[in-house]
Amino acid sequence: MQTKKRILLAEDEEHLLEAIKLNLELEGYKVSTANNGKKALQIFKEERFNLVILDVMMPEIDGFVVAETIRLENSEVPIMFLTAKNTNEDKISGLKKGADDYLTKPFNLEELILRVNNLVKRSLKGDDLKEFNSYKIGDKTIHFNSFELVNEDGSITALTKKETMLLKLLIERRNEAVSREQILETVWNYDVYPSTRTIDNFILTFRKYFEPDPKNPVYFHSIRGVGYKFTDQH
């Protein structure tokens, strides 16, 4: 028996959630639903999906933050945004967060189904694009999938999951200041509220790993009153 393709649908308008769910189930998909961003992230961590459909404006955590958090852990699953806003700025913002498609409300359910089918097919084939699985800083290489840092001499330093996620966030946003709030939302998911000191300690650890002179960092910077920045010319 063929396994049903799984979709995570996060939408806070109940009637729309039910209508989309029903239509996707009629197409043979197994649909898990969430009516806020926090619940969507919890469900995503518990199950494996072929597609994630996110409303942008949701309670608890918005769709953009949900997508960015998912992308720190999973670079493969397709993500589609549903939004009431039809502006290029929002579309660009969504695509920057790692979305694969973008549908503006109100939309035709047939069009939604066509786009869903295409994204799921692509997820089954595997993405041909080069995945963001590793990154070199100086003479050391981070391997995000295995949580490892390979040193120049070939020795390996084990990274924690939080270290890996924070590194990935800073590297994806390289040469930009990333606020403490953004780090809390995407890396800690609001579940734990680390103090600024906790995040500072992560940055100090990264400096020990990567900086030729940790006291005069060239890669990992603290931006007073804002957050942190990773600088690189990749």
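The model shown is predicted, which means the values in this text are computed figures rather than measured ones.

Student: Just give me the short version of the pairing of strand S11 (residues 220-223), but keep the residues and values in it.
Tutor: Sheet topology places S11 next to strand S12 (residues 227-230); 4 bridges connect them, and they run antiparallel. For Ser-222, the partnering residue across the bridge sits in S12 and is Tyr-228. Once S11 ends, the chain turns through 3 residues before running back antiparallel as S12, passing Gly-225 with a positive phi of about 80°.

Student: An account of helix H1 (residues 14-26) is requested, with residue identities and associated values reported.
Tutor: Taking 1.5 Å as the rise per residue, H1 with 13 residues should run 18 Å; its terminal C-alpha atoms sit 18 Å apart, in good agreement. Along H1, the positions that sit buried rather than exposed are Leu-16, Leu-17, Ile-20 and Leu-24. With its buried residues spanning 100° around the axis, H1 presents them on a single face. Those residues of H1 that are exposed and angled more than 90 degrees off the buried face are Glu-14, His-15 and Leu-26. Of the residues one or two after H1, Gly-28 is the one with positive phi, at around 95°.

Student: Explain the sheet that holds S11 to me, using residue names and the numbers behind them.
Tutor: Sheet architecture is open: 3 strands sit in the order S10-S12-S11, paired in antiparallel fashion. For this open sheet the edge positions go to strand S10 (177-179) and S11, each flanked by a neighbour on one side alone. Strand-to-strand twist across the sheet, computed as the mean angle between neighbouring axes with direction ignored, equals 30°. Here S10 pairs with S12 via 3 bridges, running antiparallel.

Student: Report on helix H2 (residues 37-46), specifying residues and quantitative values.
Tutor: Among all positions of H2, only Gly-37, Ala-40, Leu-41, Ile-43 and Phe-44 are buried. Buried residues of H2, seen end-on, are gathered within an arc of 165° and therefore sit on one face of the element. Taken together, the buried residues of H2 touch strand S1 (6-10), strand S2 (30-34), strand S3 (51-55) and helix H3 (63-73). The backbone nitrogen of Lys-38 has a side-chain oxygen 3.0 Å away, supplied by the residue at the start of H2, namely Asn-36.

Student: So what about the packing of H3 against helix H6 (residues 161-172)? Which residues, and what values?
Tutor: H6 packs onto H3 with a crossing angle of 115° between their chain directions and a minimal axis gap of 9 Å. Crossing geometry of H3 relative to H6 is assigned as right-handed. Here H3 contributes Glu-68, Arg-71, Leu-72 and Glu-73 to the contact with H6, which in turn contributes Lys-161, Met-165, Lys-168, Leu-169 and Glu-172. Broken down by class, the residue content of the contact of H3 with H6 amounts to 3 nonpolar, no polar and 6 charged.

Student: An account of the confidence of the model for the chain is requested, with residue identities and associated values reported.
Tutor: Here the chain shows a mean pLDDT of 85. Residues at 70 or above account for 88%. Predicted confidence is poor over residues 126-130, with pLDDT under 50, and the contacts of this stretch with residues over four places away or in other chains come to 1 contact.

Student: Let's hear about the pairing of strand S5 (residues 101-104): which residues, and what values?
Tutor: Here S5 shows a buried face lined by Asp-101 and Leu-103 and a second buried face lined by Tyr-102 and Thr-104. With 4 bridges connecting them, strand S4 (residues 79-83) and S5 associate as parallel partners. Bridging across to S5, Thr-83 finds its partner in Thr-104.

Student: Give me the lowdown on the packing of aromatic side chains, citing residues and values where you can.
Tutor: Summed over all chains, the structure comprises 10 aromatic pairs. On the basis of an interplanar angle of 90° and a centroid distance of 5.1 Å, the ring pair of Phe-64 and Phe-81 is categorised as edge-to-face. With Phe-64 in helix H3 and Phe-81 in strand S4, this pair connects stretches of sequence that are 17 residues apart. By relative accessible area, which is 12% here, Phe-64 ends up buried. Taken together, a centroid distance of 6.2 Å and an interplanar angle of 20° make the contact between Tyr-219 and Phe-230 stacked. Residue Tyr-219 is found in the loop between helix H8 (196-210) and S11, and its partner Phe-230 is found in strand S12; the two are separated by 11 residues along the sequence.

Definitions and limits used
Residues numbered from 1 in each chain as written. Predicted model: local features only at pLDDT ≥ 70, side-chain atom pairs only at ≥ 80, totals over all residues. Heavy atoms only, no water. Pairing = 2+ DSSP bridges. Helix = DSSP H or I, 4+ residues; strand = E, 2+ residues; numbered from the N terminus. Expected span 1.5 Å × (residues − 1). Buried < 20%, exposed > 50% of the residue type's maximum accessible area, 1.4 Å probe, protein only. Arc of directions from axis to C-beta. Axes fitted to C-alpha atoms, helices over the stretch in contact; angles between N-to-C directions. Contact = heavy atoms within 4.5 Å. Polar contact = N/O pair within 3.5 Å; in protein donor to acceptor, adjacent residues only side chain to side chain. Left-handed = near helix turned anticlockwise from the far one by under 90°. Nonpolar A, V, L, I, M, F, W, Y, C, P; charged D, E, K, R; others polar. pLDDT = per-residue confidence, 0-100. Phe/Tyr/Trp six-rings, centres within 6.5 Å; stacked < 30°, edge-to-face > 60°.

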